[in-house]
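# Structural features, examined
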There are 2 protein chains.
Amino acid sequence: MTAAQDIRSAVARYLDAVATGPAADIADLYADGATLEDPVGSAQIVDRAAIRDFYSALDNATVKTELLALRVAGNSAAFHFRVSTEMPGQTVTIEPIDVMTFDDQARITSMRAFWSPDDITLG
Amino acid sequence: MTAAQDIRSAVARYLDAVATGPAADIADLYADGATLEDPVGSAQIVDRAAIRDFYSALDNATVKTELLALRVAGNSAAFHFRVSTEMPGQTVTIEPIDVMTFDDQARITSMRAFWSPDDITLG
(Lines give C-alpha, C1' and ligand atoms only; values in the text may rest on other atoms or scores of the structure.)
Protein backbone atom coordinates (compact mmCIF):
# COMPACT_ATOMS: atom_id res chain seq x y z
CA MET A 1 0.00 0.00 0.00
CA THR A 2 1.20 3.51 -0.79
CA ALA A 3 2.14 5.36 2.39
CA ALA A 4 -0.37 7.97 3.47
CA GLN A 5 2.37 10.60 3.51
CA ASP A 6 3.22 9.85 -0.14
CA ILE A 7 -0.43 10.34 -1.06
CA ARG A 8 -0.55 13.61 0.88
CA SER A 9 2.54 14.80 -1.00
CA ALA A 10 1.02 13.76 -4.33
CA VAL A 11 -2.13 15.80 -3.62
CA ALA A 12 0.03 18.81 -2.72
CA ARG A 13 2.02 18.39 -5.96
CA TYR A 14 -1.24 18.18 -7.90
CA LEU A 15 -2.61 21.41 -6.45
CA ASP A 16 0.72 23.14 -7.08
CA ALA A 17 0.76 21.91 -10.67
CA VAL A 18 -2.84 23.02 -11.29
CA ALA A 19 -1.84 26.48 -10.07
CA THR A 20 1.42 26.77 -11.99
CA GLY A 21 0.89 24.50 -15.00
CA PRO A 22 1.66 23.76 -17.76
CA ALA A 23 -0.87 21.02 -18.56
CA ALA A 24 1.92 18.55 -19.37
CA ASP A 25 3.25 18.87 -15.82
CA ILE A 26 -0.19 18.12 -14.39
CA ALA A 27 -0.62 15.14 -16.74
CA ASP A 28 2.77 13.80 -15.66
CA LEU A 29 1.33 13.21 -12.18
CA TYR A 30 -1.05 10.65 -13.70
CA ALA A 31 -0.17 6.99 -14.35
CA ASP A 32 -0.42 5.37 -17.77
CA GLY A 33 -4.04 4.48 -18.48
CA ALA A 34 -5.34 6.77 -15.76
CA THR A 35 -8.95 7.97 -15.91
CA LEU A 36 -10.46 11.37 -15.19
CA GLU A 37 -14.15 12.22 -14.64
CA ASP A 38 -14.67 15.95 -14.05
CA PRO A 39 -17.38 16.58 -13.05
CA VAL A 40 -18.67 13.20 -11.89
CA GLY A 41 -21.40 12.13 -14.31
CA SER A 42 -19.59 13.48 -17.39
CA ALA A 43 -17.75 11.34 -19.93
CA GLN A 44 -14.64 9.67 -18.57
CA ILE A 45 -11.34 10.81 -20.07
CA VAL A 46 -8.74 8.07 -20.46
CA ASP A 47 -4.95 8.19 -20.69
CA ARG A 48 -2.37 10.88 -20.27
CA ALA A 49 -2.58 12.62 -23.65
CA ALA A 50 -6.32 13.20 -23.26
CA ILE A 51 -5.77 14.23 -19.65
CA ARG A 52 -3.17 16.77 -20.77
CA ASP A 53 -5.66 18.18 -23.29
CA PHE A 54 -8.24 18.48 -20.51
CA TYR A 55 -5.92 20.63 -18.39
CA SER A 56 -4.66 22.70 -21.34
CA ALA A 57 -7.61 25.06 -20.79
CA LEU A 58 -5.67 26.30 -17.76
CA ASP A 59 -2.42 26.94 -19.61
CA ASN A 60 -3.02 30.63 -20.23
CA ALA A 61 -4.99 31.32 -17.07
CA THR A 62 -3.84 32.69 -13.73
CA VAL A 63 -4.92 30.05 -11.25
CA LYS A 64 -4.66 29.78 -7.47
CA THR A 65 -5.37 26.64 -5.47
CA GLU A 66 -5.81 26.05 -1.76
CA LEU A 67 -6.32 22.76 0.06
CA LEU A 68 -9.26 22.95 2.48
CA ALA A 69 -9.47 19.35 3.75
CA LEU A 70 -7.77 16.06 2.89
CA ARG A 71 -8.60 12.52 3.96
CA VAL A 72 -6.47 9.54 2.99
CA ALA A 73 -7.87 5.99 3.17
CA GLY A 74 -6.05 3.01 1.73
CA ASN A 75 -4.70 3.95 -1.70
CA SER A 76 -7.28 6.72 -2.06
CA ALA A 77 -7.62 10.36 -1.15
CA ALA A 78 -10.64 12.62 -0.93
CA PHE A 79 -9.96 16.32 -0.71
CA HIS A 80 -11.84 19.58 -0.66
CA PHE A 81 -10.03 22.48 -2.26
CA ARG A 82 -10.50 25.93 -3.71
CA VAL A 83 -9.46 26.82 -7.24
CA SER A 84 -9.69 30.43 -8.38
CA THR A 85 -9.17 31.40 -12.00
CA GLU A 86 -8.68 35.02 -12.98
CA MET A 87 -10.80 35.96 -15.97
CA PRO A 88 -11.07 39.40 -17.57
CA GLY A 89 -12.87 41.51 -15.01
CA GLN A 90 -13.71 38.74 -12.59
CA THR A 91 -12.43 35.74 -10.67
CA VAL A 92 -14.16 32.38 -11.03
CA THR A 93 -13.94 30.30 -7.86
CA ILE A 94 -15.04 26.75 -7.23
CA GLU A 95 -14.44 24.46 -4.27
CA PRO A 96 -14.79 20.88 -5.53
CA ILE A 97 -14.34 17.65 -3.62
CA ASP A 98 -12.03 15.38 -5.60
CA VAL A 99 -11.45 11.67 -5.11
CA MET A 100 -8.21 10.16 -6.40
CA THR A 101 -6.69 6.70 -6.40
CA PHE A 102 -2.95 6.13 -6.57
CA ASP A 103 -0.55 3.42 -7.66
CA ASP A 104 2.36 2.24 -5.53
CA GLN A 105 4.49 5.14 -6.79
CA ALA A 106 1.83 7.66 -5.77
CA ARG A 107 0.91 8.41 -9.38
CA ILE A 108 -2.76 9.23 -9.91
CA THR A 109 -4.65 6.27 -11.42
CA SER A 110 -8.09 7.91 -11.31
CA MET A 111 -9.57 11.28 -10.50
CA ARG A 112 -13.26 12.07 -9.99
CA ALA A 113 -14.32 15.65 -9.26
CA PHE A 114 -17.57 16.28 -7.39
CA TRP A 115 -19.03 19.71 -8.17
CA SER A 116 -21.85 21.23 -10.21
CA PRO A 117 -22.32 24.56 -11.95
CA ASP A 118 -24.30 25.75 -8.91
CA ASP A 119 -21.05 25.65 -6.94
CA ILE A 120 -19.29 28.25 -9.10
CA THR A 121 -18.97 31.72 -7.60
CA LEU A 122 -17.97 34.88 -9.44
CA GLY A 123 -16.17 37.68 -7.60
CA MET B 1 -31.40 11.61 -12.82
CA THR B 2 -32.21 12.29 -9.19
CA ALA B 3 -32.64 16.02 -8.59
CA ALA B 4 -29.72 17.66 -6.81
CA GLN B 5 -32.10 18.99 -4.16
CA ASP B 6 -33.35 15.46 -3.41
CA ILE B 7 -29.76 14.32 -2.93
CA ARG B 8 -29.06 17.28 -0.64
CA SER B 9 -32.13 16.38 1.42
CA ALA B 10 -31.03 12.74 1.59
CA VAL B 11 -27.61 13.74 2.93
CA ALA B 12 -29.29 15.93 5.56
CA ARG B 13 -31.59 13.05 6.56
CA TYR B 14 -28.57 10.77 6.81
CA LEU B 15 -26.67 13.11 9.13
CA ASP B 16 -29.80 13.57 11.26
CA ALA B 17 -30.31 9.81 11.47
CA VAL B 18 -26.67 9.19 12.41
CA ALA B 19 -27.11 11.70 15.24
CA THR B 20 -30.46 10.45 16.51
CA GLY B 21 -30.49 6.78 15.51
CA PRO B 22 -31.58 4.06 15.90
CA ALA B 23 -29.50 2.01 13.46
CA ALA B 24 -32.62 0.71 11.72
CA ASP B 25 -33.60 4.27 10.79
CA ILE B 26 -30.17 4.87 9.28
CA ALA B 27 -30.31 1.59 7.36
CA ASP B 28 -33.75 2.52 6.01
CA LEU B 29 -32.09 5.34 4.05
CA TYR B 30 -30.19 2.70 2.04
CA ALA B 31 -31.58 0.88 -1.01
CA ASP B 32 -31.84 -2.89 -1.23
CA GLY B 33 -28.44 -4.33 -2.11
CA ALA B 34 -26.61 -1.16 -1.12
CA THR B 35 -22.92 -1.32 -0.27
CA LEU B 36 -20.92 0.39 2.47
CA GLU B 37 -17.13 0.75 2.72
CA ASP B 38 -16.09 2.58 5.90
CA PRO B 39 -13.25 3.39 5.88
CA VAL B 40 -12.30 3.07 2.21
CA GLY B 41 -9.93 0.10 1.93
CA SER B 42 -11.81 -2.01 4.46
CA ALA B 43 -14.13 -4.91 3.59
CA GLN B 44 -17.30 -3.88 1.82
CA ILE B 45 -20.55 -4.44 3.72
CA VAL B 46 -23.50 -5.46 1.54
CA ASP B 47 -27.25 -5.14 2.08
CA ARG B 48 -29.41 -3.44 4.61
CA ALA B 49 -29.28 -5.96 7.47
CA ALA B 50 -25.49 -5.86 7.54
CA ILE B 51 -25.57 -2.09 7.19
CA ARG B 52 -27.94 -1.87 10.18
CA ASP B 53 -25.52 -4.00 12.20
CA PHE B 54 -22.69 -1.65 11.23
CA TYR B 55 -24.52 1.38 12.61
CA SER B 56 -25.76 -0.43 15.73
CA ALA B 57 -22.51 0.56 17.46
CA LEU B 58 -24.01 4.06 17.62
CA ASP B 59 -27.32 3.00 19.20
CA ASN B 60 -26.30 3.69 22.79
CA ALA B 61 -23.98 6.61 22.05
CA THR B 62 -24.65 10.33 22.16
CA VAL B 63 -23.70 11.53 18.69
CA LYS B 64 -23.68 14.94 17.06
CA THR B 65 -23.20 15.54 13.35
CA GLU B 66 -22.52 18.70 11.37
CA LEU B 67 -22.27 19.13 7.60
CA LEU B 68 -19.15 21.07 6.62
CA ALA B 69 -19.28 20.91 2.80
CA LEU B 70 -21.46 19.12 0.25
CA ARG B 71 -20.99 18.72 -3.50
CA VAL B 72 -23.57 17.01 -5.71
CA ALA B 73 -22.60 15.71 -9.16
CA GLY B 74 -24.90 13.53 -11.23
CA ASN B 75 -26.40 10.86 -8.96
CA SER B 76 -23.54 11.20 -6.48
CA ALA B 77 -22.67 13.33 -3.50
CA ALA B 78 -19.38 13.98 -1.75
CA PHE B 79 -19.56 15.63 1.65
CA HIS B 80 -17.27 16.61 4.47
CA PHE B 81 -18.84 16.41 7.91
CA ARG B 82 -18.05 16.26 11.60
CA VAL B 83 -19.28 13.47 13.82
CA SER B 84 -18.69 13.72 17.56
CA THR B 85 -19.40 10.79 19.86
CA GLU B 86 -19.50 11.27 23.61
CA MET B 87 -17.53 8.60 25.40
CA PRO B 88 -16.96 8.32 29.15
CA GLY B 89 -14.72 11.26 30.02
CA GLN B 90 -14.03 12.36 26.45
CA THR B 91 -15.51 13.20 23.08
CA VAL B 92 -14.27 11.40 19.97
CA THR B 93 -14.46 13.61 16.89
CA ILE B 94 -13.78 12.74 13.29
CA GLU B 95 -14.40 14.71 10.10
CA PRO B 96 -14.64 12.21 7.24
CA ILE B 97 -15.31 12.87 3.58
CA ASP B 98 -18.06 10.49 2.44
CA VAL B 99 -19.05 9.67 -1.13
CA MET B 100 -22.54 8.34 -1.75
CA THR B 101 -24.49 7.28 -4.83
CA PHE B 102 -28.28 7.38 -4.95
CA ASP B 103 -31.09 5.69 -6.86
CA ASP B 104 -33.95 7.61 -8.48
CA GLN B 105 -35.78 7.76 -5.16
CA ALA B 106 -32.74 9.29 -3.44
CA ARG B 107 -32.03 6.12 -1.47
CA ILE B 108 -28.36 5.46 -0.83
CA THR B 109 -26.99 2.76 -3.16
CA SER B 110 -23.38 3.03 -1.98
CA MET B 111 -21.41 4.79 0.72
CA ARG B 112 -17.64 5.09 0.93
CA ALA B 113 -16.06 6.93 3.86
CA PHE B 114 -12.61 8.48 3.46
CA TRP B 115 -10.80 8.81 6.79
CA SER B 116 -8.00 7.14 8.70
CA PRO B 117 -7.27 6.69 12.41
CA ASP B 118 -4.90 9.68 12.17
CA ASP B 119 -7.96 11.87 11.63
CA ILE B 120 -9.55 11.04 15.00
CA THR B 121 -9.29 13.73 17.66
CA LEU B 122 -10.06 13.32 21.37
CA GLY B 123 -11.30 16.23 23.41
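Anyway, here's the lowdown on the structure attached to this text.

The rules behind the values
Residues numbered from 1 in each chain as written. Chains lettered and ligands numbered in written order. Predicted model: local features only at pLDDT ≥ 70, side-chain atom pairs only at ≥ 80, totals over all residues. Heavy atoms only, no water. Least-squares fit on C-alpha atoms with pLDDT ≥ 70 in both. Contact = heavy atoms within 4.5 Å. Salt bridge = Lys/Arg side-chain N within 4 Å of Asp/Glu carboxyl O. Helix = DSSP H or I, 4+ residues; strand = E, 2+ residues; numbered from the N terminus. Buried < 20%, exposed > 50% of the residue type's maximum accessible area, 1.4 Å probe, protein only. Buried area = accessible area lost by both parts, 1.4 Å probe. Polar contact = N/O pair within 3.5 Å; in protein donor to acceptor, adjacent residues only side chain to side chain. Nonpolar A, V, L, I, M, F, W, Y, C, P; charged D, E, K, R; others polar.

### Let's talk about the relation of the copies chain A and chain B
Once turned by 180° and shifted 0.0 Å along the axis, chain A lies on chain B with an RMSD of 0.0 Å. In short, the pair behaves as if placed about a two-fold rotation axis. Relative to the rotation axis, the closest C-alpha in chain A is found at histidine 80 of chain A, a distance of 4.0 Å. A shared binding surface is used by both copies, with 100% of the interface residues of chain A retained as interface residues in chain B.

### A closer look at the pattern of salt bridges
Under the counting rule described, the total for this entry stands at 14 salt bridges over all chains. Here arginine 71 of chain A makes a salt bridge to glutamate 95 of chain B, at a shortest N to O gap of 3.9 Å. With one member in each of two chains, arginine 71 of chain A in strand β3 (residues 62-73) and glutamate 95 of chain B in the loop between β5 (90-94) and β6 (97-102) form a pair that bridges those chains. Residue class for glutamate 95 of chain B comes out partly exposed when judged on its relative accessible area of 21%. In this structure, arginine 107 of chain B engages aspartate 103 of chain B in a salt bridge whose closest nitrogen and oxygen atoms are separated by 2.8 Å. Taken together, the salt bridges that share partners define one network made up of Glu66, Arg82 and Glu95 of chain A together with Arg71 of chain B.

### Focus on the interface of chain A and chain B
Often the size quoted for an interface is simply the accessible area lost on bringing the parts together. Taken together, the contact pairs 20 residues of chain A with 20 residues of chain B. Summed over both sides, the interface of chain A with chain B buries roughly 1700 Å², with 63% coming from carbon and sulfur. Interface area lost by chain A to chain B is led by Arg71, Ile97 and Phe114 of chain A, which between them contribute 37%. Run the count over chain A and chain B and you get four salt bridges. We note a salt bridge from arginine 8 of chain B to aspartate 119 of chain A, for which the minimum N-O separation is 4.0 Å. Inspection of the region where chain A meets chain B yields two residue pairs in polar contact (both at pLDDT 80 or more). Among the secondary structure elements, those contributing two or more residues to the side of chain A that touches chain B are β3, β4 (76-87) and β6 (97-102) of chain A. Counted by class, the side of chain A that touches chain B contains 12 nonpolar, four polar and four charged residues.

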